[in-house]
Amino acid sequence: MPRNPEAIETVRRRLLRWLDEDEYDFEALRDALDLGVRDLERHLRHVEKTLRGRGSKLRVTAPHCRDCGFGFPGRTAKHLHPPGRCPRCRGERIDPPRFRATAR
Ligand SMILES: [Zn+2]
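Let us look at the structure shown here. Counting of residues starts from 1 at the beginning of each chain's written sequence and follows it residue by residue. Under the rules for a predicted model, residues below a pLDDT of 70 receive no local features and side-chain atom pairs below 80 are neither given nor counted, while totals for whole chains, interfaces and linings still include all residues. Note: side-chain values were computed over all heavy atoms of the structure, leaving out hydrogens and water.

1. Things to note about the coordination of the zinc ion
The protein atoms that coordinate the zinc ion are Cys-65 (SG), Cys-68 (SG), Cys-86 (SG) and Cys-89 (SG), at distances spanning 2.3 to 2.4 Å. Note that water is not among the atoms considered, so a metal site may appear incomplete; the donors listed are N, O and S atoms within 2.8 Å of the metal, with 3.2 Å applied to Na, K and Ca. A four-donor site is classed as tetrahedral when every donor-metal-donor angle falls between 85 and 135 degrees; four donors are called square planar, and six octahedral, when trans pairs exceed 155 degrees and all remaining angles lie between 65 and 115, with any other arrangement labelled irregular. Coordination at the zinc ion is tetrahedral: its four donor atoms span angles of 104 to 115° at the metal. Of note, the zinc ion draws all its donor residues from one chain, in the sequence arrangement C-x2-C-x17-C-x2-C. We call a residue buried when its accessible area falls under 20% of the maximum for its residue type, exposed when it is over 50%, and partly exposed in between, using a 1.4 Å probe and counting protein chains only. Residue Cys-89 is classed as partly exposed on the basis of its relative accessible area, which comes to 33%.

Dropping the structure here:
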């Protein structure tokens, strides 16, 4: 994780540019930016504020269990990273949350 302010700014600019153009899931962003879970979550919350400030928003699509279809209601208000396992079926095949910048 880069510690200097310019590098942090670059990460957030890249996130904003990518999310303006397409939808990406948490793991794809983490791979592309080479960040840890907590760091990416922090950047995404910041990007969320930036988007709100310019009249748009970060659309967050909740994670989804591929085994039983559980949709993790309410989770993304608290957590943007993917859950480790499904509380309903205990499955671990979970589609991670997805993100996109959209008009309000
Ligand atoms: Zn499940």
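Let us keep going from here.
2. Notes on the pattern of salt bridges
Any carboxyl oxygen of Asp or Glu within 4 Å of a side-chain nitrogen of Lys or Arg constitutes a salt bridge here. Counted by the stated rule, this structure contains ten salt bridges. Residue Glu-48 pairs with Arg-45 through a salt bridge whose shortest N-O separation is 3.1 Å. On the criterion of helical spacing, the pair formed by Glu-48 and Arg-45 is a turn pair, its members being three residues apart in helix α3 (residues 37-53). By relative accessible area, Arg-45 is classed as partly exposed at 23%. Residues participating in the shared-partner salt-bridge network are Glu-23, Arg-59 and Arg-98. Only DSSP runs of H or I with at least four residues qualify as helices, and only runs of E with at least two residues qualify as strands; both kinds are numbered from the N terminus onward.

3. Details of the pairing of strand β5 (residues 98-103)
Here, any two strands with at least 2 DSSP bridges between them count as paired. With two bridges connecting them, strand β1 (residues 24-25) and β5 associate as antiparallel partners. Opposite Tyr-24, over in β5, you have Phe-99 as the bridge partner. When strand β2 (residues 56-61) meets β5, the two strands line up antiparallel, connected through six bridges. Bridge pairing links Thr-61 to Arg-98 in β5.

4. Quick notes on the packing of aromatic side chains
Ring pairs shown here join Phe, Tyr and Trp side chains whose ring centres sit within 6.5 Å, with only the six-membered ring taken for Trp; geometry is labelled stacked below 30 degrees between planes, edge-to-face above 60, and tilted in between. Here the structure, examined in full by the defined rule, presents three aromatic pairs. Summarising the aromatic geometry, the rings of Phe-70 and Phe-72 are spaced 4.9 Å apart at their centres and angled 65° between planes, so their arrangement reads as edge-to-face. Here Phe-72 falls in the buried class, since its relative accessible area comes to 6%.

5. Observations regarding the environment of Leu-29
Turning to its location among the elements, Leu-29 is positioned in helix α2 (residues 26-33). Along the chain, Leu-29 and His-43 lie 14 residues apart, while their C-alpha atoms are 11 Å from each other. Here, two residues are considered to be in contact whenever any of their heavy atoms come within 4.5 Å of each other. When sequence neighbours within four positions are dropped, the list of residues in contact with Leu-29 reads Leu-15, Trp-18, Leu-19, Tyr-24, Leu-40, Leu-44 and Phe-99.

6. What about a positive patch on the surface?
What makes a patch is a set of residues exposed beyond 30% relative accessible area and free of salt bridges, joined within 9 Å when like-charged and within 5 Å when nonpolar (Val, Leu, Ile, Met, Phe, Trp, Tyr). Per-residue and other accessible areas follow the Shrake-Rupley method at a 1.4 Å probe size, with only the shown protein chains counted as cover for residues. Positive: Lys, Arg. Negative: Asp, Glu. His and the chain ends are not part of the count. Lysine's charge is taken at NZ, arginine's at CZ, aspartate's at CG and glutamate's at CD. On the surface, a cluster of positive charge is made up of Lys-49, Arg-52, Lys-57 and Arg-104. Along the chain, Arg-52 falls in helix α3. By relative accessible area, Arg-52 is classed as partly exposed at 47%.

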